[in-house]
Amino acid sequence: MSKTAETEGALETRGIEQVPDHERTARTRELFPTWVGANISVLLLTMGASLVVAYHLNLWQALVVAVAAPVVSYGLVGLIGIAGKRGGAPGMALSRAVFGQRGNLLPGSLIWVARWGWETINAVTGAYAVLTILDIVFGLKANSVLDMVTLLAFVVATFAISGLGINAVQKCNKYATYLFGLFSVLVLVYLVVDTDWSKVFAHSAGSTAAVITGIGMIAAGGVSWIPSAPDFTRYLPRTASSKAIVGTSVGGAGIVVLPMVLMGAVMAVSTPDLASAADPVSFLGEILPTWIAVPYLLIALIGMLLINSMSMYSAGFTAQTLGFKVPRHWAVSVNAVISLAFGGVLMLAATSFMGSFIAFLSLLAVAFSAWVGVFGADMLRRTQYDGAAMADTTRTSAYWYRGGFSPAAVAAWAVGLGAGLLFTTSDWFTGPLAHNNVIGEYGLGWVATIVVSGGLYLVLPKPAVAAPASGAEEPVEQPAPVAV
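Residues numbered from 1 in each chain as written. Predicted model: local features only at pLDDT ≥ 70, side-chain atom pairs only at ≥ 80, totals over all residues. Heavy atoms only, no water.

- Looking at an unreviewed UniProt entry, one finds the chain named Cytosine permease, with Streptomyces carpinensis as its source organism.
- Listed in UniProt under the heading Subcellular location (unreviewed entry), the comment for the chain reads: "Membrane".
- Under the heading Sequence similarities (unreviewed entry), UniProt records this for the chain: "Belongs to the purine-cytosine permease (2.A.39) family." (UniProt positions renumbered as here; feature names shortened; annotations may be inferred.)

Points about the side chain of Asn122
Argument step 1. Residue placement: Asn122 occurs in helix H7 (residues 105-138).
Argument step 2. Note on Asn122: relative accessible area 1%, which makes it buried.
Argument step 3. In this structure, Asn122 is in contact with Ser41, Leu43, Phe154, Ile307 and Asn308, ignoring residues within four places of it in sequence. (Helix = DSSP H or I, 4+ residues; strand = E, 2+ residues; numbered from the N terminus. Buried < 20%, exposed > 50% of the residue type's maximum accessible area, 1.4 Å probe, protein only. Contact = heavy atoms within 4.5 Å.)

Structural notes on a nonpolar patch on the surface
Argument step 1. Among the surface-exposed residues, Trp60, Leu63, Val67, Val71 and Phe201 lie close enough to one another that they form a single nonpolar patch of about 480 Å² accessible area.
Argument step 2. The element that contributes the greatest number of residues to the nonpolar patch is helix H4 (residues 59-87), accounting for four residues.
Argument step 3. Secondary-structure assignment places Trp60 in helix H4. (Patch = residues over 30% accessible without salt bridge, like charges linked within 9 Å, V, L, I, M, F, W, Y side chains within 5 Å. Areas by Shrake-Rupley, 256 points an atom, 1.4 Å probe, with all protein chains shown as cover. Salt bridge = Lys/Arg side-chain N within 4 Å of Asp/Glu carboxyl O.)

A short note on unusual backbone geometry
Where the residue is not glycine, phi is negative for most of them; where a peptide bond is considered, it is trans in most cases.
Argument step 1. A positive phi is found at Tyr401, a non-glycine position, where the angle reads about 55°.
Argument step 2. Of note, Tyr401 is situated in the loop between helix H17 (387-391) and helix H18 (407-422).
Argument step 3. A positive phi is found at Asn436, a non-glycine position, where the angle reads about 65°.
Argument step 4. Looking at where Asn436 falls in the secondary structure, it is placed in the loop between H18 and helix H19 (438-441).

Structure representation (structure tokens):
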């Protein structure tokens, strides 16, 4: 990452303001460990197992899901990440140029709330990983008090890392990537030797609808990162290769998602009751020998800390764009407290973790996709962002539009969101059009959201794109190698 005072120090103090060009010295290959770290989670094993247990897919169908999901979701992450190098600011700050200073509060609030749920899920999974380790090593059984202690420890550690800033997060990602890769190879070798492959290959194939729905389930994790993509590319120079941004995003995620989902699918042979399990982690202690399970869970725990740290890092920017007049590292504390509260409720009250998790993913994808459709469509016509206009939240801002709102963007976002919910099915909510059509039965509500919101935004009349106050032209983009 950029060797500047802002990123090299222990605490990053830069908030949502535009990064000056002279500080934008990062390289695209540094995105690779970022998106590797964003996927170091045992939840991928659990979701891979649920493809077999809940969706009734065979190994070859799980392979299709494991390849397609990161290409689709992190392809979008990379594409939206291009806006970061164009504008040098976090995603939700750049979003002001699209929705208007006041209009941006609508999708910003929804994304912020949805991120609470994602951080809560990861915090609970991390707490369950600690509980599993304590059970394996010391024989300590989970109880309400121990549940809350482990959850608190996880959230505090997350807050500490995310509060330091992007340099700390990226350095941790780099070392966690090496360790997790090493132990994942050990787990893979153990599974190859120990698994009853006749049972694995004897599993009958599931439906095409289940395959596509499974792609959406796995992809939902990547979709949740799309609005945050510019947060991690804003230190790239304007001349950075867009192709390399997309390639490193897909490559970094895919190198983790593919083997993890497949390993989970293989493990499902030994975990037929996973779909109704109270937690998503303890089955690893039953399948793997102690000498692999404990270090693997410890490294995965570090990975989940980093995932939540990255999420809270971005959430701090979102909070600032919503008007919280506090430094970013203090804005992060709001999400930490909320994830602690919600996590306690989930651990103490939920009877089936996977049921709640899959229901949450289906709604999460729609919530984020409405913003993705509008923002992505706007990128087709906007190659520069005015830093002064983004920072100016008064009527004098070039991004004030009509009363602080861009009517086209807000209308397209709202209609797209509503359309996606109409076709969405989950344990918590089922839309009236979720059945008897391909979109609903194939779990494509989030795709419909992107198509409707983006398409509507393109055809609605929009305010002219104002050039930045500096009048600087967009430099010609230079090609760079894709790091994979």
